[in-house]
Amino acid sequence: MKAVIIDKITKGEEIVLSETSIPEVRPGWLLIKVKGFGLNHSEKLLRLSEICEEYINNPVIPGIECVGEVVDTSDCDFKVGDKVVALMGGMGRSFNGSYAEYALLPAHIVFKVKTELKWESLAAVPETYFTAWGSLFECLHLSKDDCLLVRGASSALGYAAIQIAKALGAKVIATTHKESKLSLISEADEAILDDGKLKGKIKCVNKALDLVGPLSIRDTLTSVDKGAIVCDTGILGGVYALDDFDPIKEIPNGVYLTGFFSNYPTQETIDEIFDFLSLHNLEPKYGKVFDFENIKDAIIAQDNASVNGKIVVRV
């Protein structure tokens, strides 16, 4: 099979497709014929820095999500031909991931789906919509009566969060740090240019999804109403931890801070997501589709941030 295999820091221009053996199935694992996958920020981090860490199974095939069909079930409760999505759980780091024509994956991160979506649309769902769903409902307990702030909304995750929240009936205020991207978040009720300081510029926000992360979380916490919940999910700001953070002084009284870690998907949650998409006739959002043979171009586009929205690779 063809696959992207990396063993050192690898920029988009250095990506090549290599020939390697189709993995041999073992108990508890499924062989998936990959039909598509999305590119994710965490894979960029892997390529440009994390590949050097000892905990990476180096060399490795990147890719933390995929969609496809089961071709060998091993001893697992699946059937050959089952349409599935797979994500997280060490995929593309602890073991080989989805940048390949076939993927051998542990059964507990593979989930059956019933959908008529085309492969490229389906490939936009797993990690992005699971993260948006978990952030909005498990962490923020979003309801139709809420006013939601999505900070860093001109991202694949931001677009998905806006889409889900609007379908639910919530009011959405969305921000981006680039004026040229304001039109991309126009589905929100209000689109705001984010200069890093929202305090005093927004009103009546009782739920906030911060995708910028530690760079902006202090400001987000002081920009929402008393009683609000703030969910820190992204790291788009390029800052990965809070230095000298004093929760007693820096989390306002009556404001609640949580975070969503997408490493533990379940069949129940995957079913809920696809039921919601079907109920509201939602088409998953993505920016551009590349064929697998052109994955180098897809990754260059990711590195250059030249695509607005999710980059999908069709295998």
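What the chain contains, in helices and strands, is 8 helices and 15 strands. Over its C-alpha atoms the chain spans a radius of gyration of 20 Å, differing by no more than 12% from the 20 Å that the globule rule assigns to 315 residues. The dimensions of the chain, computed from C-alpha atoms along their principal axes, are 60 × 40 × 35 Å. Burial statistics for the chain: of 315 residues in total, 52% are counted as buried. Sequence separation of 24 or more characterises 71% of the internal contacts of the chain that already satisfy a separation of 6 or more. Looking at the chain as shown, the accessible area adds up to about 14,400 Å², and 49% of this sits on carbon and sulfur atoms.

Looking now at the packing of aromatic side chains. Counting across every chain of the model gives 7 aromatic pairs. Seen in terms of ring centroids, Phe-130 and Phe-260 are 5.6 Å apart; in terms of plane orientation they differ by 65°. Their pairing is edge-to-face. With a gap of 130 residues between them, Phe-130 in helix H3 (residues 126-139) and Phe-260 in the loop between strand E13 (256-259) and helix H7 (267-279) connect regions that are remote in the sequence. In this structure Phe-130 comes out as buried when scored by relative accessible area, which is 4%. Both rings, one in Trp-133 and one in Phe-276, keep their centres 5.2 Å apart while their planes meet at 70°; by these two values the pair is edge-to-face. Residue Trp-133 is found in helix H3, and its partner Phe-276 is found in helix H7; the two are separated by 143 residues along the sequence. Taken individually, Trp-133 and Phe-276 each receive the classification buried, so the pair is uniform in this respect. Aromatic rings pair up to connect Phe-37, Tyr-99 and Phe-292 into one cluster. A cation over a ring is seen here: Lys-33 above Tyr-102, with NZ or CZ 5.4 Å from the ring centre.

Okay, the packing of helix H1 (residues 41-48) against helix H8 (residues 295-304) next. Two elements in contact, H1 and H8, have axes separated by 11 Å at closest approach and are oriented at 95°. When the axes of H1 and H8 are compared, the pair comes out roughly perpendicular. Taken together, the residues of H8 that come into contact with H1 (itself represented by His-41, Lys-44, Arg-47 and Leu-48) are Ile-299, Gln-302 and Asp-303. Classifying every residue of the contact of H1 with H8 gives 2 nonpolar, 2 polar and 3 charged.

Let us look at the sheet that holds strand E10 (residues 190-193). Neighbouring strands of a sheet are bound in pairs by backbone hydrogen bonds; such pairs are parallel or else antiparallel. Reading across from one edge, E10-E9-E8-E11-E12-E13 is the order of the 6 strands in this open sheet, with parallel pairing throughout. With one partner strand each, in any of the chains shown, E10 and E13 form the two edges of the open sheet. Direction aside, the axes of adjacent strands within the sheet are offset by 20° on average. As judged from the 4 bridges shared by strand E12 (residues 229-232) and E13, these two strands associate in the parallel manner.

Our focus in this paragraph is unusual backbone geometry. For the peptide bond that leads from Asn-58 to Pro-59, omega is 0°, which places it in the cis range. Backbone geometry places Met-88, a non-glycine residue, at a positive phi of 60°. Of note, Met-88 is situated in the loop between strand E5 (83-87) and strand E6 (102-106). Judged by relative accessible area, which is 11%, Met-88 ranks as buried.

Reading the values: rules and limits
Residues numbered from 1 in each chain as written. Predicted model: local features only at pLDDT ≥ 70, side-chain atom pairs only at ≥ 80, totals over all residues. Heavy atoms only, no water. Helix = DSSP H or I, 4+ residues; strand = E, 2+ residues; numbered from the N terminus. Rg over C-alpha atoms; globule rule 2.2 N^0.38 Å. Buried < 20%, exposed > 50% of the residue type's maximum accessible area, 1.4 Å probe, protein only. Contact = heavy atoms within 4.5 Å. Areas by Shrake-Rupley, 256 points an atom, 1.4 Å probe, with all protein chains shown as cover. Phe/Tyr/Trp six-rings, centres within 6.5 Å; stacked < 30°, edge-to-face > 60°. Lys NZ or Arg CZ within 6 Å of the ring centre and 35° of its normal. Axes fitted to C-alpha atoms, helices over the stretch in contact; angles between N-to-C directions. Parallel < 35°, antiparallel > 145°, perpendicular 65-115°, else oblique. Nonpolar A, V, L, I, M, F, W, Y, C, P; charged D, E, K, R; others polar. Pairing = 2+ DSSP bridges.

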